[in-house]
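Descriptive analysis of the structure
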Amino acid sequence: MFNPDLSGQVAVVTGGGRGIGRASARALAKAGADIAICARSPDEIDALAEELRSYDRKVVASVTDVSDWDQVCAFADEVAGSFPAVHVLLNNAGVSAQRISVAESDPAEWKKIVEINLFGTYHVTRSFVEQMTSGGKIINIGSGMGYEAHPNATPYNASKAGIAMLTRCLALELWERGIEVNELVPGPVATRMVTWARDTSSEEAVLEELRDRPPPFNPSERVKSPAEVAEHVVWLAGLEPGGPTGQSFSLARRPL
């Protein structure tokens, strides 16, 4: 696996308290980057910050709901006061949807999922883009469900489809600044967000249950650990300037 040296860089990671965000913050720190992390859970974000500081990294940790514009701006201001620039932005924060039809859905819940997944990605990108340097990387965590229609999960599907298009539009807007924007589609990952595992008490429990069998929706798939996805986040973060932008990199084992 390609192991870039990110020493002297600053990486912002949203949804850093657990899952892909936590694993990516660890991997980016181990590659040399200082880290700014946010999440809604103070206990999880504080524990991760303490761990990252043990790697001799400078860390900013903020309890932030990315669907709230004012909270995101406060987080961005805190990062600007601590670091001279941002080099990597990982838009990872997201929630999954309750399996329910549009006809039976709660409008407030439907809206909240889109606000976190799609508006959250917009809020964070909008608030940090002026801090990013030429050669910077924006990595948006997408989903295969943003490319394929499914019943009973419309807010998640719609929000992830929006992230796919937002990624491509941002790439066209930001290339002249030297900022590259790509989407990473992880495929099935053992996190507490999955709804098709019996035990979702921890990522370890999900991975142990599903390690030797595919998820129920596709027999060709393999369930990955968050750390495996984080390796690809670091790979994208470490690409030389002038590389791909506006692209979707998929770790799934089925066509998007």
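Look up a bit, the structure's there.
Please read all numbers here as calculations on a predicted model, not as lab measurements. (Residues numbered from 1 in each chain as written. Predicted model: local features only at pLDDT ≥ 70, side-chain atom pairs only at ≥ 80, totals over all residues. Heavy atoms only, no water.)

Our next topic: the overall build of the chain. Scanning the chain for helices and strands turns up seven helices and seven strands. Along the chain direction, N to C, the helices and strands of the chain fall in the order β-α-β-α-β-α-β-α-β-α-β-α-α-β. Overall, the chain is about 45 × 35 × 35 Å in size when its C-alpha atoms are taken along their principal axes. Looking at the chain as a whole, 51% of its 256 residues qualify as buried. Across the chain, the fraction of contacts at a sequence separation of at least 24, relative to all contacts at a separation of at least 6, is 70%. Of the roughly 11,800 Å² of accessible surface on the chain, a fraction of 51% belongs to carbon and sulfur atoms. (Helix = DSSP H or I, 4+ residues; strand = E, 2+ residues; numbered from the N terminus. Buried < 20%, exposed > 50% of the residue type's maximum accessible area, 1.4 Å probe, protein only. Contact = heavy atoms within 4.5 Å. Areas by Shrake-Rupley, 256 points an atom, 1.4 Å probe, with all protein chains shown as cover.)

Our focus in this paragraph is the packing of helix α1 (residues 19-30) against helix α7 (residues 226-237). At a minimum axis separation of 8 Å, α1 and α7 run at an interaxial angle of 50°. The angle between α1 and α7 places the two elements in the oblique class. Of the two elements, α1 crosses α7, and the hand of that crossing is right-handed. Counted together, G19, I20, A23, S24, A27 and L28 of α1 and P226, A227, V229, A230, V233, V234 and A237 of α7 form the full contact between these two elements. (Axes fitted to C-alpha atoms, helices over the stretch in contact; angles between N-to-C directions. Parallel < 35°, antiparallel > 145°, perpendicular 65-115°, else oblique. Left-handed = near helix turned anticlockwise from the far one by under 90°.)

Take the state of the cysteines next. Tallied over the entire structure, the rule returns zero disulfides. Here C73 is not disulfide-linked; the sulfur of C38 is the nearest cysteine sulfur, at 12 Å. Looking at C73, the relative accessible area reads 22%, which means it is partly exposed. (Disulfide = S-S within 2.5 Å.)

Looking now at the nonpolar core. Counting residues in hydrophobic clusters, the biggest one holds 30 residues, and the most contacted among them are A25, L28, I35, I37, L52, I139 and L184. If you list the elements that add at least two residues to this core, you get β1 (10-14), α1, β2 (34-39), α2 (42-53), β4 (86-91), β5 (132-141) and α7. No other element matches the five residues that α7 contributes to this core. Beyond its immediate chain neighbours, meaning those up to four positions away, L52 contacts A25, R26, A29, I35, I37, R57 and V59. The next biggest cluster of nonpolar side chains, apart from the first, holds 27 residues, and it includes A36, V60, F128 and L170. (Core = buried A, V, L, I, M, F, W, Y, C linked by side-chain atoms within 4.5 Å.)

Looking now at the sheet that holds strand β7 (residues 248-250). The seven strands are arranged β3-β2-β1-β4-β5-β6-β7 in an open sheet whose pairing can be described as parallel. The open sheet has two edge strands, β3 (59-63) and β7, and neither has a second partner. Taken pair by pair, the neighbouring strands of this sheet meet at an average axis angle of 15°, ignoring direction. Both β1 and β2 contribute to a ladder of five bridges, which runs parallel. Looking at β2, one finds that A11 is bridged to I35. Sitting on the sheet, α2 touches β2 and β3, and the angle it makes with β3 is about 180°. In the packing of helix α4 (residues 107-128) onto the sheet, the strands contacted are β1, β4 and β5, and the crossing angle to β4 comes to about 170°. (Pairing = 2+ DSSP bridges.)

What follows is about the environment of A103. Assignment of secondary structure puts A103 in the loop between β4 and α4. The exposure class assigned to A103 is exposed, which follows from its relative accessible area of 78%. Sequence separation between A103 and M145 is 42 residues, and the spatial gap between their C-alpha atoms is 20 Å.

Turning to the pairing of β1, a few remarks are in order. Counting buried positions along β1 gives five out of five residues, so the element sits mostly inside the fold. With burial as the criterion, each face of β1 is covered, one bearing V10, V12 and T14 and the other bearing A11 and V13. Read from β1 through α1 to β2, the crossover connection turns out right-handed. The pairing of β1 with β4 spans three bridges and is parallel. In the sheet register, V12 faces β4, and the bridge partner there is L89. (Right-handed = clockwise from strand over helix to strand, strands pointing away.)

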